Amino acid sequence: MTTYDPLSREGLILDHRFRLGAFLGSGAIHGVFSAWDLLENQAVCVKIPRLFLRENEGFSLRYRRDVLNVIMHSHPGWVTPNLLGEHDGHPFQVLPLVEGQTVPQWFDSVGRDDRLLLEVMKRSLYILSQMHRITGSTHGGIKPENLLITSKGEPLFLDLVGTGRLEDHFTEKAQTGRPVYHSPEQLVGERAGPASDLYSFGLVIYQALAGRHPFAAGLDQTDAQDRPERLLTSMLEQLQGSPMSASSFREDVPRWADRFLSRCLLPRPDERFQTAEEAHDWLRHHSGGLEASNSEHRPLPPAGREQEMAFLLECLEDIVKDPPQGSVIRLHGSVGVGKTRCTQWLADQARRRGVHLIDVHRSPESGLNLQSVANALMSQRTAEVTDARPVVEYLIEAALDEPQLLLLDDIQSCDETLVWLLDELNSVVSDLRILVVISEDESPFRTEAAKTFVETLDHVLILTPLDRRAIANLIEERCWSPPSAALASWVHKVTSGNALAAKLLLDYLQAHGHLKDDVELDWASSPAVDRPDLETLLDWKLGTLSATTRLLLESGAVLGDPFNLSTLHAITYHHPEEVDAAMSEAVKLELLEVGSRHGPTSFAWSHPLYRKTLTRQLPPRRRQRIHRLAAAFYSRGEPEPNKLAYHFFRSEDDQEFFHWGNLAVAKARRLGRRGEANSWFLQLIQRVPTQTWLGPDLARARQDIARDQSETLDFSVWTLWFAALSGRTFQGDVEELDISNPLYSTQALLSARLAWTTWRKFTVLTLTEIDEQSRRDPKEATLFQRAITLLRAEWFLRCQDGEPFPGETD
């Protein structure tokens with residue numbers, strides 16, 4: 001409270017009854033005072049809304065309504081106001097004066113006894129369930145100060161009156177340096193539900209166990225001017241994902257607590273416990289074995305990968321020690337064996353050791369290239385990678401100062417620009433603080449250079465199918481409880497140890513109620529010997545979906561973004577022709593949707609793995625047709641060069657690809673995206689028809705681009721030559737075509753889409769110019785003769801009436 005508030009003066013008698021005493025504290029909505037009830041002759045607590053809120057008539061009306069609603073629902077588990085008072089027209093509430101400790105304070109005072117904490121959590125969840133049922137609303141503001149533990153060890157919820165705007169809470173937090181305990185849905189302005197209270201409750205328990213807020217540790221120690229920005233950063237982190245496990249910060253955190261908190265603190269409310277009763281039951285059934293969490297019980301390495309992870313950890317430690325020892329490691333395995341989970345676990349280990357993480361993802365259209373690494377660096381605001389400071393230079397400088405972990409997924413899809421970067425790093429990596437981990441499956445390599453580089457690496461980890469113990473670990477992670485040996489063995493046998501297949505199988509078993517609470521198989525409808533195999537299970541799970549659509553669904557499971565089944569069921573087909581037609585329509589109408597953590601997003605070719613999965617079993621001509629339809633879809637409105645260039649490239653329409661690829665290079669260069677421009681330039685060079693090429697040296701240009709030396713090239717010249725290959729040079733007023741360079745005009749004529757009479761006219765003019773220039777420059781006679789030969793061949797392809805080539809007779 002400020003000194004200008006007339007109701008904050010000590011000794012003031014409110015409503016002729018309550019004499020204000022000492023100021024106890026304040027929050028976003030109230031100032032809190034001790035007071036003496038002159039009528040009842042006892043000490044009480046008085047909460048007075050802040051002055052600027054009391055002057056808001058709408059707030060005062062809502063405040064009176066909310067206080068009266070809480071007074072109607074009393075319970076020993078939460079503090080109910082004794083009455084709603086008014087002084088000079090301003091509302092205030094009077095409550096019993098209670099004493100207690102916050103959960104973090106109490107947990108430290110009892111020697112961090114997790115058995116006592118478990119009982120408090122169960123009791124708190126029971127009270128919370130009663131609150132939701134009796135009041136018909138949520139608390140909406142659970143934080144350490146609003147959940148006290150009494151001297152008898154009983155939890156007590158305070159401040160059930162949730163009136164106030166969210167921005168008022170954030171303003172107060174930014175000024176005082178206190179973290180936010182609201183759920184992600186509350187932070188974006190959505191209505192709070194029971195799952196929101198469970199998220200806030202999880203944050204309070206996390207702080208007690210870990211000794212810090214999971215997203216805003218040290219905010220109260222931040223300089224005042226930096227607090228708003230630091231608070232905003234912590235809120236953005238909270239919106240984007242789950243925190244590290246509490247056991248990462250304190251060794252004595254029990255394993256059950258890690259699992260419970262990981263479920264409470266999921267960013268999406270539909271993924272958390274849905275009710276306090278559900279959370280209470282989970283604790284009752286899954287908190288057995290209260291042994292302390294040591295290094296063996298903290299988040300385990302991915303199932304069945306202990307030896308591989310031990311090697312990766314050793315390499316990670318090598319870049320932290322002094323002197324450092326960097327390395328490049330290849331992670332190889334087929335789809336579904338768990339490469340992504342391994343790299344995610346390694347990234348978590350790197351964060352704990354203070355290693356800077358560079359997680360590189362390929363873009364949908366241009367794939368994986370040098371620009372992908374630049375994007376990862378710039379997205380973290382750690383680098384300004386420009387033409388004057390290439391990526392490799394930045395990486396080497398950064399790795400000399402602090403440890404770096406560079407993760408590159410799906411390396412078989414990279415182009416030569418990224419291969420060059422990896423080659424450069426590999427030549428000096430032994431003296432740098434950098435660990436490079438590249439993962440690839442068994443699909444073909446995009447370039448021979450990438451294949452050669454990967455096959456010559458010294459460190460190779462090959463991931464094979466999971467064993468029975470690893471499958472048991474996976475089931476436990478999916479089901480929150482250790483499975484029976486019989487279930488683990490059966491899942492291992494049916495899925496042949498494939499992690500993706502096991503995940504799909506477990507999803508099916510859980511969805512159809514075939515798993516008991518203690519994770520036993522409950523298949524009452526058929527004896528064990530008649531249990532169906534995985535193929536049959538998938539048929540049941542996916543109904544009558546086509547094989548192509550099933551592959552699409554499985555690829556979604558690999559990425560962790562399951563498809564919207566209702567949408568997929570709407571386009572169910574049996575024959576390849578129907579699948580082809582349906583997928584084409586889906587691309588045009590954006591029917592296919594993916595449910596991701598950011599909400600539904602259109603399929604629309606947004607991820608290369610989906611595209612590869614979709615077209616893997618289709619004949620080439622059908623694949624081309626789908627890409628042509630996609631190009632038609634993306635050409636509407638203001639077309640994006642990258643998207644159109646990709647689809648014309650995939651549909652093998654070279655003339656359109658030269659046009660849109662040329663524009664993609666120009667746009668990338670204009671935006672300073674050096675790696676992306678190099679990648680498109682390489683693709684254009686690879687599509688140049690060498691048998692009819694009359695332009696600059698292709699081999700030298702390709703070498704310069706692959707080595708990130710684009711400054712040696714004259715892009716204005718290359719732009720003209722690519723335009724000649726596009727067949728669009730003659731659009732507009734063809735009379736203004738410059739034929740002073742007969743080699744260039746010959747190249748344009750070979751690709752031009754012109755009527756015979758127009759094409760014939762410009763061919764005659766070009767031949768005349770070739771004749772004149774060959775006499776002026778005899779050294780180029782061979783090149784000019786080649787141009788004549790190419791024009792002559794094209795002439796007879798286009799000529800319909802047998803007209804002889806200029807200078808020749810029948």
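Just above, that's the structure.
Quick caveat: nothing in here was measured; it's all calculated off a predicted structure. (Residues numbered from 1 in each chain as written. Predicted model: local features only at pLDDT ≥ 70, side-chain atom pairs only at ≥ 80, totals over all residues. Heavy atoms only, no water.)

### Some points on the overall build of the chain
- Scanning the chain from N- to C-terminus turns up 33 helices and 16 strands.
- Classification of the 810 residues of the chain by burial places 53% in the buried group. (Helix = DSSP H or I, 4+ residues; strand = E, 2+ residues; numbered from the N terminus. Buried < 20%, exposed > 50% of the residue type's maximum accessible area, 1.4 Å probe, protein only.)

### Description of the packing of aromatic side chains
- By the definition in use, this model includes 18 aromatic pairs.
- Ring geometry for Phe658 against Phe722: centres 6.1 Å apart, planes inclined by 15°, an arrangement best described as stacked. Of this pair, Phe658 sits in helix H27 (residues 654–670) while Phe722 sits in helix H30 (residues 715–726), and the two are 64 residues apart along the sequence. Like Phe658, the residue Phe722 is buried in the burial classification.
- Arranged with centres 5.9 Å apart and planes meeting at 25°, the rings of Trp756 and Trp759 form a pair that is stacked. Here Trp756 pairs with Trp759, and both are found in helix H32 (residues 756–776), just three residues apart, close to one helical turn. (Phe/Tyr/Trp six-rings, centres within 6.5 Å; stacked < 30°, edge-to-face > 60°.)

### What about helix H4 (residues 114–135)?
- With 22 residues, H4 should reach 32 Å at 1.5 Å per residue; the first-to-last C-alpha distance of 31 Å fits that figure.
- Of the residues that open H4, the one with a side-chain oxygen 3.0 Å from the backbone nitrogen of Arg115 is Asp113.
- Downstream of H4 by one or two residues, Gly136 has phi in the positive range, about 70°. (Expected span 1.5 Å × (residues − 1). Polar contact = N/O pair within 3.5 Å; in protein donor to acceptor, adjacent residues only side chain to side chain.)

### A short note on the nonpolar core
- In this structure, Phe681, Trp718, Phe722 and Leu791 are the most contacted members of the largest nonpolar core, which totals 48 residues.
- Only helix H26 (641–650), H27, helix H28 (674–687), helix H29 (698–706), H30, helix H31 (742–751), H32 and helix H33 (781–798) provide two or more residues apiece to this core.
- Dropping the residues within four chain positions of it, Phe722 is found in contact with Phe658, Asn662, Phe681, Leu684, Ile685 and Val688.
- The next biggest cluster of nonpolar side chains, apart from the first, holds 43 residues, and it includes Val120, Leu125, Leu147 and Leu160. (Core = buried A, V, L, I, M, F, W, Y, C linked by side-chain atoms within 4.5 Å. Contact = heavy atoms within 4.5 Å.)

### Considerations on the sheet that holds strand S13 (residues 434–440)
- An order of S11-S12-S13-S10-S14 is seen for the five strands of this open sheet, with the pairing classed as parallel. Whereas interior strands pair on both sides, the edge strands pair on one side only; in this sheet they are strand S11 (356–360) and strand S14 (459–462). Between one strand and the next, the sheet's axes are offset by a mean angle of 15°, whatever the strand orientation.
- For strand S12 (residues 404–408) and S13, the ladder comprises five bridges, and the chain directions are parallel. The partner of Leu406 across the bridge, within S13, is Val436.
- In this fold helix H15 (residues 416–428) packs onto strand S10 (327–332), S12 and S13, with an angle of close to 145° to the strand it touches most, S12. (Pairing = 2+ DSSP bridges. Axes fitted to C-alpha atoms, helices over the stretch in contact; angles between N-to-C directions.)

### A few points about a nonpolar patch on the surface
- Taken together, the side chains of Ile13, Trp36 and Leu38 define a hydrophobic patch exposed on the protein surface, amounting to about 240 Å² of accessible area.
- With respect to the element layout, Ile13 can be found in strand S1 (residues 13–14).
- Judged by its relative accessible area of 33%, Ile13 falls in the partly exposed class. (Patch = residues over 30% accessible without salt bridge, like charges linked within 9 Å, V, L, I, M, F, W, Y side chains within 5 Å. Areas by Shrake-Rupley, 256 points an atom, 1.4 Å probe, with all protein chains shown as cover. Salt bridge = Lys/Arg side-chain N within 4 Å of Asp/Glu carboxyl O.)

### A few points about the sheet that holds strand S6 (residues 90–96)
- Across the sheet, which stays open at both edges, the six strands sit in the order S1-S2-S3-S4-S6-S5 with antiparallel pairing between neighbours. Across the chains shown, the open sheet's two edge strands, defined by having one partner strand only, are S1 and strand S5 (83–87).
- Of the pairings in the sheet, the one linking strand S4 (residues 42–49) to S6 comprises four bridges and is antiparallel in character. Counterpart to Lys47 in the pairing with S6 is Gln93.

These figures capture arrangement, not role.
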